[in-house]
Amino acid sequence: DTLASLAVGATNVVGTIIAATIIEKAGRTSLLSASYLGQGLSMFAMAAGFTLPVLQPYSAPIAVTGTLLYVLSFALGAGPVTGLLIPELNPAKTRGRAVAAAFVSHWACNVMVGQTFMLGVQAYGLPAVYAFFGAVAMGAVAYVKTQVPETRGKSFEEIQKDL
């Protein structure tokens, strides 16, 4: 357990450091899209590892690798970028409330997932739950690509014009 926690924590820190060094060059929407894509593919890989008979002998390494790739994908985009993007999209007058609302919804969703994950696993099985979260992540990719403006290198006025 300690080694697994260390691996997850180290992966998260390394991913966040990488994101911090490339966010201005890569752009917010590129990092977000790649992040959600990586998260979705990680979930689908883990679902396949527990479902497909040919992969079942490798389900443990697939689960460990999938989990670490999920955490890395999160750390490269969905984690740090949203904290930067939300203030950039909101005027100074409402920025504080917008950030507060975003983080309240973030933690409310975390609680909801934490409280319902095992119920979902018991009702539908682990592969189905992983596939569901993979599909949600793919939906997030589509949303970012079609609805989220790129803010890198733009003034607030330019960002508002894009909205």
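Residues numbered from 1 in each chain as written. Predicted model: local features only at pLDDT ≥ 70, side-chain atom pairs only at ≥ 80, totals over all residues. Heavy atoms only, no water.

1. A look at the nonpolar core
Then, in step 1: In this structure, Ile23, Leu31, Leu32, Tyr36, Ala78, Val81, Leu85, Ala140, Val141, Val144 and Val148 together form the largest nonpolar core, which totals eleven residues.
Then, in step 2: Of all the secondary-structure elements, those providing two or more residues to this core are helix H2 (28-51), helix H3 (59-89) and helix H5 (126-147). (Core = buried A, V, L, I, M, F, W, Y, C linked by side-chain atoms within 4.5 Å. Buried < 20%, exposed > 50% of the residue type's maximum accessible area, 1.4 Å probe, protein only. Helix = DSSP H or I, 4+ residues; strand = E, 2+ residues; numbered from the N terminus.)

2. A short note on the packing of aromatic side chains
Then, in step 1: Applying the stated criterion to the full structure yields four aromatic pairs.
Then, in step 2: Taken together, a centroid distance of 6.3 Å and an interplanar angle of 40° make the contact between Phe50 and Tyr130 tilted. Placement of Phe50 in helix H2 and of Tyr130 in helix H5 is noted, with a sequence separation of 80 residues between them.
Then, in step 3: A residue is classified by how much of its surface remains accessible, and Phe50, at 29% relative accessible area, is partly exposed.
Then, in step 4: With relative accessibility at 13%, the residue Tyr130 sits in the buried group.
Then, in step 5: Here the aromatic rings of Phe132 and Phe133 are separated by 5.3 Å at their centres, their planes lie at 65°, and the arrangement is edge-to-face.
Then, in step 6: Under the relative-accessibility criterion, Phe132 is labelled exposed at 51%. (Phe/Tyr/Trp six-rings, centres within 6.5 Å; stacked < 30°, edge-to-face > 60°.)

3. Topic: the packing of H2 against H3
Then, in step 1: At a minimum axis distance of 8 Å, the contact between H2 and H3 shows a crossing angle of 155°. Viewed along their axes, H2 and H3 adopt a mutual orientation that is roughly antiparallel. In the packing of H2 onto H3, the handedness of the crossing is left-handed.
Then, in step 2: Along the lines of polarity and charge, the residues of the contact of H2 with H3 split into 17 nonpolar, eleven polar and two charged. (Axes fitted to C-alpha atoms, helices over the stretch in contact; angles between N-to-C directions. Parallel < 35°, antiparallel > 145°, perpendicular 65-115°, else oblique. Left-handed = near helix turned anticlockwise from the far one by under 90°. Nonpolar A, V, L, I, M, F, W, Y, C, P; charged D, E, K, R; others polar.)

4. Some words on the environment of Lys145
Then, in step 1: Position of Lys145 among the secondary structure elements: in helix H5.
Then, in step 2: When its relative accessible area of 62% is taken as the criterion, Lys145 is described as exposed.
Then, in step 3: Through-space distance from the C-alpha of Lys145 to that of Ser30 is 8.5 Å; in sequence the pair is 115 residues apart.

5. Quick notes on the side chain of Ser35
Then, in step 1: If you trace the backbone, Ser35 turns up in helix H2.
Then, in step 2: Its relative accessible area of 2% is what places Ser35 among the buried residues.
Then, in step 3: For Ser35, the contacting residues outside a window of four places in its chain are Ser73, Phe74, Gly77 and Ala78. (Contact = heavy atoms within 4.5 Å.)

6. A closer look at the packing of helix H1 (residues 2-26) against H3
For any two helices packed against each other, the geometry is given by the interaxial angle and the distance between the axes.
Then, in step 1: The interhelical angle for the contact between H1 and H3, taken along N-to-C directions, is 45°, at an axis separation of 8 Å. When the axes of H1 and H3 are compared, the pair comes out oblique. Considering only the axes of H1 and H3, their crossing is right-handed. Contacts between H1 and H3 pair Ala7, Val8, Thr11, Asn12, Gly15, Thr16, Ile18, Ala19 and Ile23 from the former with Leu68, Val71, Leu72, Ala75, Leu76, Pro80, Val81 and Leu84 from the latter.

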